[in-house]
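Observations on chain architecture
Residue-level listing of the chains:
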Amino acid sequence: MTLKEWFFKKTKTPLMVLGLFVGFIYCSFVLYAFKNSQVNLKKSLNDLIITSVRIGIQQNNRDLVESTLARAVDTLGAHAAILCNGQDLIVATTYDLKTCLQIPPVSFFHRLFKVDITGFSGYTVYFHIPWFSLSASHLWLLILTFSVVLICGWIIVNLRKNFLQDILLPLESNFISEDIPKIRELAQIKSNLQSLGAAREYAAYIDAVLESKRTFAHNVKSPIRAMKLLRQKLALQIDRDDMSLLENALDQISNMADKITIKQSRLTQERHDCSRLAQVDLRASLIKHINSKMHELLNAGKKINIKIEVDESSHYISVIDEGDFGAVISNLLNNAAEAQCDTITVKLFFVGARTVILISDNGKGIPTALSGYIFEDGATHGKPSGSGFGLYHVKRTLEAWKGSVNLLVENKSETVFRLEIPRIPLSRIDVKPTDSFIILDDNIDERKRIRASLMRTGLPNEIAEFDSPLSFNTDIKREDLKNSDLIIFADFDFGPHYVNGIEAISSFKSSWRSFLVTDHHDDPDVFARCKTYAIPLLPKEFFQDCISLHFLP
């Protein structure tokens, strides 16, 4: 429940009770004024009849009677006054009557008020007066009271409205709306830490199991090979039954080793699932790891020239674990260096949605007989102390990223490995004419760059820029934005005094399409949080290369 909803819910009942109370007081006052007015009217009419009309009848003074009734009509609020003697009409004002039987009946607006003249049997005065008759003082008092009620109601409504707009909503947008995502984020961080702790414990367990399994699998292969050689030498000296028993034992040991290898592969895959994935720029990462390897080889006294050729026409952003990627590149470069080469060439380019890395060297090469199973666990060549795990690890790592590695050339003078890694897909954005684009970034140059990238696509829609989530929340009430479908590109870091982009996006309306555009795309924590909140992540440096706008009619 938002602060606005809470305020309306909590103030609705008290204001209704206050309104009912004021209405009750006003209605009571109106009824009292009406009743008091009727009492005064009856008293005035009785006094008039007793004094003036009675005297006029006694003196047979028709003029006195007519003037008295006319005064009643003028001053007492009566519409007509009629003096009757039985059914005989004596005097009638206003109405043109010939007999008392023609007196108008009671209506919705008028009532009949009858006064018998004491001392004169059969003489009756009929007054036709309105149902609601108030004196001028009562009428002005009612108008004044009603005006006060209206003014009080208007003041209360405006105070409520202004209190909501000027105090509560800014409070909610500046502080409370920031705290809600923070609380949500803290809960998520706590959950992530618990999951990370469990994952690390499990990863440590897997590492220990992998180490023990690998040690056993490595140690058992040598005895198996030795026993197979011994079986061939003793084939003619051992009884057939004993030879069958020996072969069965060797087959069982071999099957055990195969099962261990399969389980080890599964554990290796699970170990990859615990890795820290992020959106990594393969170009920058590749150059960094190659430079590091060049210094390492130089310090080891190996003068090897490493050439780098890069196609600069597109981006090379992929979802990988940069630490594992460094291990893959290091392993392949180490193999090339150990093959006694003096030149290593690394080419980086893209084919469709995949990044391709070619690593070639002019060393002693790999025998053709070994090329078919060079990526299998335990396969090694030319290294007395080699474990045969390096290329197997390269293959398993790339497959975990939905990539691949292949040996293209194997001869005595050259070895070429081809690595393929998927690039992040284009973010398709369907744009309607009513959509408005929002750029949230505290750096004005970055806002201009993103705006320019959008304008180069021929975008006809409105683009609004804001330097913080606070200014956006304040300005979102504009009519041109309030009724639009928003497409938001938000930066991650707005400084220490504001929420970050993920927190801001998580507090936006679900109907808005929001993207995090940041240079922190290679941060595994940012990547994991975006994945948790289902927020599309775009690298700021390659923003234009990673979006595809489709204009709808």
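Each remark here, short or long, concerns the structure printed above.
None of the values given here were measured: they were computed from a predicted structure. (Residues numbered from 1 in each chain as written. Predicted model: local features only at pLDDT ≥ 70, side-chain atom pairs only at ≥ 80, totals over all residues. Heavy atoms only, no water.)

**Points about the overall build of the chain**
What the chain contains, in helices and strands, is 13 helices and 18 strands. Sequence-distant contacts, at least 24 apart, represent 67% of the contacts inside the chain between residues at least 6 apart. Surface summary for the chain: the accessible area is close to 31600 Å², and the carbon and sulfur share equals 58%. (Helix = DSSP H or I, 4+ residues; strand = E, 2+ residues; numbered from the N terminus. Contact = heavy atoms within 4.5 Å. Areas by Shrake-Rupley, 256 points an atom, 1.4 Å probe, with all protein chains shown as cover.)

**Things to note about the packing of helix α5 (residues 282-299) against helix α6 (residues 322-338)**
Where α5 contacts α6, the two axes come as close as 10 Å, and the packing angle between them is 45°. In terms of orientation, α5 lies oblique with respect to α6. By crossing handedness, the relation of α5 to α6 is classed as right-handed. Contact with α5, carried on its side by Leu-282, Ser-285, Leu-286, Lys-288, His-289, Ile-290, Lys-293, Glu-296 and Leu-297, involves Glu-322, Phe-325, Gly-326, Ile-329, Ser-330, Leu-333, Asn-334 and Ala-337 of α6 and no other residues of that element. Among the residues making up the contact of α5 with α6, the classes are represented as 8 nonpolar, 5 polar and 4 charged. (Axes fitted to C-alpha atoms, helices over the stretch in contact; angles between N-to-C directions. Parallel < 35°, antiparallel > 145°, perpendicular 65-115°, else oblique. Left-handed = near helix turned anticlockwise from the far one by under 90°. Nonpolar A, V, L, I, M, F, W, Y, C, P; charged D, E, K, R; others polar.)

**Observations concerning the sheet that holds strand β17 (residues 537-539)**
Across the sheet, 5 strands lie side by side as β14-β13-β15-β16-β17; this open sheet has parallel pairing. Each of the sheet's edge strands pairs with one partner strand only, and the pair in question is β14 (463-466) and β17. Pairwise comparison of adjacent strand axes, ignoring direction, gives a mean angle of 25° for this sheet. The sheet contact formed by strand β16 (residues 513-518) and β17 spans 3 bridges and is parallel. Paired with Leu-516 across the strands is Leu-537, a residue of β17. (Pairing = 2+ DSSP bridges.)

**Some thoughts on the sheet that holds strand β1 (residues 80-85)**
Read across the sheet, 4 strands follow the order β2-β1-β4-β3 without closing on themselves; strand pairing throughout is antiparallel. The open sheet terminates on both sides in strands that have one partner only, identified here as β2 (88-92) and β3 (110-116). When strand polarity is set aside, the average angle formed by the axes of neighbouring strands in this sheet is 25°. For β1 and β2, the ladder comprises 4 bridges, and the chain directions are antiparallel. Within β2, the residue paired with Leu-83 across the bridge is Val-91.

**Quick word on the nonpolar core**
Core analysis: the largest hydrophobic core is formed by 58 residues, its most contacted members being Phe-325, Ile-344, Phe-417, Leu-440, Phe-472, Ile-488 and Leu-516. The leading source of residues in this core is α6, at 7 residues. Among the nonpolar cores identified, the runner-up in size contains 20 residues, and Ile-424, Val-431, Ile-463 and Phe-543 belong to it. (Core = buried A, V, L, I, M, F, W, Y, C linked by side-chain atoms within 4.5 Å. Buried < 20%, exposed > 50% of the residue type's maximum accessible area, 1.4 Å probe, protein only.)

**Focus on the pairing of strand β4 (residues 123-130)**
The side chains of a regular strand alternate between both faces of the sheet. Extensive coverage of β4 is indicated by the burial of 7 of its 8 residues. Taken together, the 6 bridges between β1 and β4 define a ladder with antiparallel strand orientation. Across the sheet, Ile-82 pairs through a bridge with Tyr-126, a residue of β4. Across 7 bridges, the pairing between β3 and β4 is antiparallel. Counterpart to Phe-113 in the pairing with β4 is Phe-127. Here β3 hands over to β4 after 6 residues, with Gly-119 in that stretch at a positive phi of 90°.

**A short note on the pairing of β1**
Counting buried positions along β1 yields 5 of 6 residues, so the element is predominantly enclosed. Connecting β1 to the next strand, β2, in antiparallel fashion are 2 residues, including Gly-86 with a positive phi near 70°.

**Description of the pattern of salt bridges**
Counting across every chain of the model gives 17 salt bridges. The partner of Lys-395 in a salt bridge is Glu-399, with the nearest N and O atoms 2.6 Å apart. Residue Lys-395 and its partner Glu-399 are both found in helix α8 (residues 390-400); the two are separated by 4 residues, about one turn of the helix. For Arg-451, the salt bridge identified is with Glu-465, shortest N-O distance 2.5 Å. A residue pair is termed long-range when its members are at least 10 positions apart, and Arg-451 in helix α9 (residues 444-455) and Glu-465 in strand β14 qualify at 14 residues. Residue Arg-451 is classed as partly exposed on the basis of its relative accessible area of 27%. Residue Glu-465 is classed as partly exposed on the basis of its relative accessible area of 28%. Here the salt bridges do not stand alone but share partners, grouping Lys-432, Asp-435, Asp-485 and Arg-513 into one network. (Salt bridge = Lys/Arg side-chain N within 4 Å of Asp/Glu carboxyl O.)

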